[in-house]
Amino acid sequence: MPTELDHLPLPAAMLFDLDGTLVDTVETRIQAWLRALEEASLPTSREQLAPLIGLDGKRLATEVAAIAGQPIDEGRSEEIDHRSGELYEALNRSPRPLPGVRRLVEEIERREIKWAIATSSGKAQVATSVAALGLPSQPTIVDASHVKHAKPEPDLLLLAADQLGVAPGRCWYVGDSTWDMVSAVAAGMIAIGVIEGSAVDGGALVGAGAAAVVATLDELAEVLASR
């Protein structure tokens, strides 16, 4: 069972996934991938695809191709990933923040906790979603363009912690996918799962390494406010 949030040491920094954690974009991301894979003659289902959301895009394409019995090389996986990104940008016109984002950011900054966004999304795909958050200033962002290997490898998270000047062990990583949890554990961070915008349930997040799972970001804000 996950540890209660009240019993976890307060972080010196909090890192966040973007899609499905701060903005309600997981279904849009799924639709983009379904279309891109269909175009690539690698049709799949939502049920098969949903647990893979949050994974590095090139690896996601490779996994789907392998399941279909049609192995692809790195160049082809990169093409499919790029096409998915194009489709996602076209679909992601009016993303909405998930409940509690602004309250949580205000609480983090009130407590002078450093924070950043660490996302496997490409740089071009991040701008619209970050703008939708309506934050007073641009947060620190580490995206897939900054590292060779995105999630589930820990590189994104470790780079974000380094940019904030905080040791990984003093960071919470907040995400909605199993890959977020795996990446956080690999980075030596405390993994916090959020269900509201996720394509998977709390049990899957716990199974992937979450130290705690919350229903919404509001719940996370309440914990910080009470400590």
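Refer to the structure printed above.
Just so you know, these numbers come straight off a predicted model, no measurement behind them.

> How would you summarise the overall build of the chain if you had to cite specific residues and measurements?
Counting its regular elements, the chain contains ten helices and six strands. In the chain, the proportion of contacts linking residues at least 24 apart, taken out of those at least 6 apart, comes to 66%. With the model as given, the accessible surface of the chain reaches about 10,000 Å², and the carbon-plus-sulfur share is 48%. Here the chain carries 19 positive and 33 negative side-chain charges, and the mean point of each set is 4 Å from the other.

> Which residues make up the sheet that holds strand S4 (residues 171-175), and what values go with them?
With parallel pairing, the six strands of this open sheet are ordered in space as S3-S2-S1-S4-S5-S6. What marks the edges here is a single partner per strand, and that holds for strand S3 (140-142) and strand S6 (212-214). Mean inter-strand twist for the sheet, computed between neighbouring axes without regard to direction, equals 25°. Pairing analysis gives four bridges linking strand S1 (residues 13-16) to S4, with the strands arranged parallel. By the bridge assignment for S4, Leu-15 is matched with Tyr-173. Running at roughly 160° to S4, helix H10 (residues 217-226) makes contact with S1, S4, strand S5 (190-194) and S6 of the sheet.

> Describe the packing of aromatic side chains, naming the residues involved and giving the relevant values.
Under the counting rule described, the total for this entry stands at one aromatic pair. Considering the side-chain rings of Phe-16 and Trp-115, the 6.0 Å spacing of their centres and the 80° angle between planes classify their relative orientation as edge-to-face. With Phe-16 in strand S1 and Trp-115 in strand S2 (residues 114-118), this residue pair connects regions lying 99 residues apart in the sequence. The exposure classification of Phe-16 matches that of Trp-115, with both residues buried. The ring centre of Tyr-88 lies 3.6 Å from the NZ or CZ of Arg-29, which sits over that ring.

> Before we move on, could you go through the pairing of S4 and cite the residues and values that matter?
Sheet faces and side chains relate simply in a regular strand, where the side chains alternate between the two faces. In terms of residue burial, S4 counts as a mostly covered element, since five of its five residues are buried. Here S4 shows two buried faces, one formed by Cys-171, Tyr-173 and Gly-175 and the other by Trp-172 and Val-174. Sheet analysis places S4 next to S5, joined by four bridges and oriented parallel. Within S5, the position partnered with Gly-175 by the bridge is Gly-193. On the question of chirality, the crossover connecting S4 to the parallel S5 by way of helix H8 (residues 178-187) is right-handed.

> Tell me about the environment of Arg-110, residues and numbers included.
Mapping Arg-110 onto the fold places it in helix H5 (residues 101-110). The exposure class assigned to Arg-110 is exposed, which follows from its relative accessible area of 54%. Along the sequence, Arg-110 and Ala-191 sit 81 residues apart, while their C-alpha atoms lie 22 Å from each other. Here the side chain of Arg-110 touches Glu-107 through a polar contact of 2.4 Å, side chain to side chain.

> Residue-level account of the nonpolar core, with values.
Counting 32 residues, the largest nonpolar core has Leu-5, Met-14, Trp-172 and Ile-192 as the members making the most contacts within it. Breaking this core down by element, the ones donating at least two residues are S1, H5, S2, helix H6 (123-132), S4, S5, S6 and H10. Sequence-distant contacts of Leu-5, defined by excluding residues within four places in its chain, comprise Trp-172, Ile-192, Ala-212, Val-214, Leu-220, Val-223 and Arg-227. Within the second largest apolar cluster, 25 residues are counted, among which are Leu-15, Val-147, Leu-164 and Ala-184.

> How would you sum up helix H7 (residues 155-164)? Please name residues and give values.
Along an α-helix, residues three or four positions apart point the same way, because every turn accommodates 3.6 residues. Burial in H7 covers these residues: Leu-156, Leu-157, Ala-160, Ala-161 and Leu-164. Each buried residue of H7 lies within a common arc of 130° when the element is viewed along its axis, so the set occupies one face. Here the buried face of H7 lies against S1, S2, S3, S4 and H8. Within two residues after H7, Gly-165 carries a phi angle of roughly 75°, on the positive side.

Cut-off values and rules
- Residues numbered from 1 in each chain as written.
- Predicted model: local features only at pLDDT ≥ 70, side-chain atom pairs only at ≥ 80, totals over all residues.
- Heavy atoms only, no water.
- Helix = DSSP H or I, 4+ residues; strand = E, 2+ residues; numbered from the N terminus.
- Contact = heavy atoms within 4.5 Å.
- Areas by Shrake-Rupley, 256 points an atom, 1.4 Å probe, with all protein chains shown as cover.
- Lys, Arg positive; Asp, Glu negative; His and termini not counted.
- Charge placed at Lys NZ, Arg CZ, Asp CG, Glu CD.
- Pairing = 2+ DSSP bridges.
- Axes fitted to C-alpha atoms, helices over the stretch in contact; angles between N-to-C directions.
- Phe/Tyr/Trp six-rings, centres within 6.5 Å; stacked < 30°, edge-to-face > 60°.
- Buried < 20%, exposed > 50% of the residue type's maximum accessible area, 1.4 Å probe, protein only.
- Lys NZ or Arg CZ within 6 Å of the ring centre and 35° of its normal.
- Right-handed = clockwise from strand over helix to strand, strands pointing away.
- Polar contact = N/O pair within 3.5 Å; in protein donor to acceptor, adjacent residues only side chain to side chain.
- Core = buried A, V, L, I, M, F, W, Y, C linked by side-chain atoms within 4.5 Å.
- Arc of directions from axis to C-beta.

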